[in-house]
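# Analysis of the macromolecular model
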Amino acid sequence: MILTITYKGRNTQDLGYLLHKNPYRPQEFSLNSGKAYVFYPEVSDAVTTMALLLDINPVDLAKGKQGTGTGGLFDYVNDRPYTASSFMSTAISRLFSTAINGNCDKKPELVGKPLDLTANIYSIHGTDNFARKIFEPLGYTVKTTKNVLDEKFTEWGESPYIDLEISGKVKLSDLLNHIYVLIPVFDRQKHYYIDEAEIDKLIAHGGEWLAEHPAKEEIIYRYFLMKKSYAHRTIDLLTEEIPEIQETQETEQVSDKKVSLNTQRLNTVKNAILESGAESVIDLGCGECRLTKILLEIQQIKKIIAVDVSAHELEKAKRRLHYDTMNEHQRNKLTLMQASLTYRDKRFSGFDCACVIEVIEHIEPSRLGAFERNVFGYARPDTVIVTTPNSEYNINYGFITDGRLRHTDHRFEWTRKEFMQWTAKICKEYGYTVTISGIGDVDDIHGTPTQMGVFKKCV
């Protein structure tokens, strides 16, 4: 995989000082996953280009590290040596750490100066529309080139990769930070485990510009590979850093901050619960209990059970809810319970309302029938609220191509017609009626990103 950065202007050899890499001496660096090479294919007073070449061994990636009992992260046939990904970001962080932090002792006057810079990133997974959506708000001119998979076999069609060029008047440190954060946003995998430390890393490299980016939430979700807990926490931290808009005597200024899809979804579900008149709710597949946290504040709700198959998720939920210091009234009406939604459990019975929010798409299709029997056949709450992605809307997300799913853990995603057919089957087999609606921004052709069904038990 290759990245080049070109500086045009006067005395452009100074790029070597800014990057702390000598333009006249090719350098080699050892990485955990292979080798990196830094060299300058072009050096002159008017134009200087630095190239970063990564040589990644795909077999080593598949085998995993020697001396450990764990396997590799990737299949033996993989695109990691050829497509720009988290490997590139890691190399940038390691090889250009001084430059990315905006330090240069020998040419300090250049550090804060916008320069005429162009970065070329070759073979990155994505589309022209997505590249423009991500980089143009940062002030770059964006050009992309898409190639066929194989010139000798044109019937194979176009490659899912593009060659990306971004250019503009920008500080070198800003360019490096933008590339460092945004390259993994185009990809579907990272070569290292994502933990809470990634939140601090993203804030450190993107906090100054990401908070105001119009695609902020999409970038963050992609950066964390759709791990919602980390994404939500990062969004909260970035939002806290945006100064509040002050009111004036002449007019009240209202923030035009876009409400996230997740917030819209939770508010819509909350309203559906209230309209049902439910006083007891079971949150099936609760995750970190974002819905449960909202319901705890509602006086109408007298009893809540939050259920998840993962004990780890429930522990995180307890921390999120501040369970140990929760007031007595809320603790008395809340129960956290580990259980599977595909096994019959008598503890699921006796509730006015069951919520299944962004859960069913994580269930294997072969186990979906067991889930249906447990919820609609055995537990039989008066109201069941189900939300799930609308796969037709995925075309609006530039990073989802070739029929891929929104999340690596999704087992399927339904079209609106498929969801309607499923809800009709449930109603016929288990004696319910259903009202279907959409949640989120409306696309005239593809609908909304989330579809919701509110099932009511027939009397």
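See the structure printed just above.
Per chain, the residues get numbers from 1 upward, laid out in the order the sequence is written. pLDDT decides what is reported in this predicted model: residues at 70 or higher carry local features, side-chain atom pairs at 80 or more are listed and counted, and totals for whole chains, interfaces and linings draw on all residues regardless. As a rule here, side-chain values come from all non-hydrogen atoms in the structure, and water together with hydrogens is ignored.

Our focus in this paragraph is the packing of aromatic side chains. In this description, an aromatic ring pair is defined by two values, namely the gap between the centres and the angle between the planes. Put simply, two rings from Phe, Tyr or Trp (the six-membered ring, in Trp's case) pair if the centres are within 6.5 Å, and we call them stacked under 30 degrees between planes, edge-to-face over 60, tilted for the rest. Applying the stated criterion across every chain, the model contains 14 aromatic pairs. On the basis of an interplanar angle of 75 degrees and a centroid distance of 6.3 Å, the ring pair of F376 and W422 is categorised as edge-to-face. Note that F376 is positioned in helix α15 (residues 368–379) and W422 in helix α16 (residues 416–430), a separation of 46 residues in sequence. Overall, F376 belongs to the buried group, its relative accessible area being 0%. Feature note: the residues F376, F412, W414, F419, W422, Y430, Y432 and F455 constitute an aromatic cluster, connected by ring pairs. The ring of Y323 carries R331 above its face, with NZ or CZ at 4.9 Å from the centroid. A run of H or I in DSSP becomes a helix once it reaches four residues, and a run of E becomes a strand once it reaches two; helices and strands are each numbered from the N terminus. Under the scheme applied here, a residue whose accessible area is under 20% of the maximum for its type counts as buried, over 50% as exposed, and between as partly exposed, the area being computed with a 1.4 Å probe on protein chains only. Look at NZ for Lys and CZ for Arg. If either is within 6 Å of the ring centre and within 35 degrees of the ring normal, a charge sits over the ring.

Salt bridge, as used here: a side-chain nitrogen of Lys or Arg that lies within 4 Å of a carboxyl oxygen of Asp or Glu. Counting across every chain of the model gives 13 salt bridges. As a salt-bridge pair, K107 and D14 come within 3.8 Å of each other at their nearest N and O atoms. Of the two residues, K107 is situated in the loop between α4 (97–100) and α5 (108–111) and D14 in the loop between β1 (2–8) and α1 (15–19); the sequence distance between them amounts to 93 residues. When salt bridges with common partners are traced through the structure, they connect D128, R132 and E136 into a single cluster.

In the cavity and pocket records, a cavity denotes points on a 1 Å grid over the protein atoms alone where a 1.4 Å probe fits but cannot get out, a pocket denotes an open set with protein on both sides within 12 Å along at least 5 of 7 lines, and lining residues are residues with an atom within 4 Å of a point. Grid points are joined across faces, edges and corners, and a volume is the space filled by probe spheres set on the points. Applying the stated rule across the entire model yields two cavities of 30 Å³ or more. Computed from the structure, the largest cavity encloses a volume of approximately 60 Å³. What lines the largest cavity is simply L18, A99, G102, N103, C104, L110, V111, L172 and S173. Only α5 and α7 (172–182) provide two or more residues apiece to the lining of the largest cavity.

Here we take up the state of the cysteines. Throughout, a disulfide means two cysteine sulfur atoms within 2.5 Å of one another. Under the counting rule described, the total for this entry stands at zero disulfides. With no disulfide partner, C427 has as its closest neighbouring cysteine sulfur the one in C458, 7.3 Å distant. Since its relative accessible area comes to 15%, C427 is described here as buried. The class for C458 is partly exposed, based on a relative accessible area of 42%.

Function-wise, these values are silent; they only describe arrangement.
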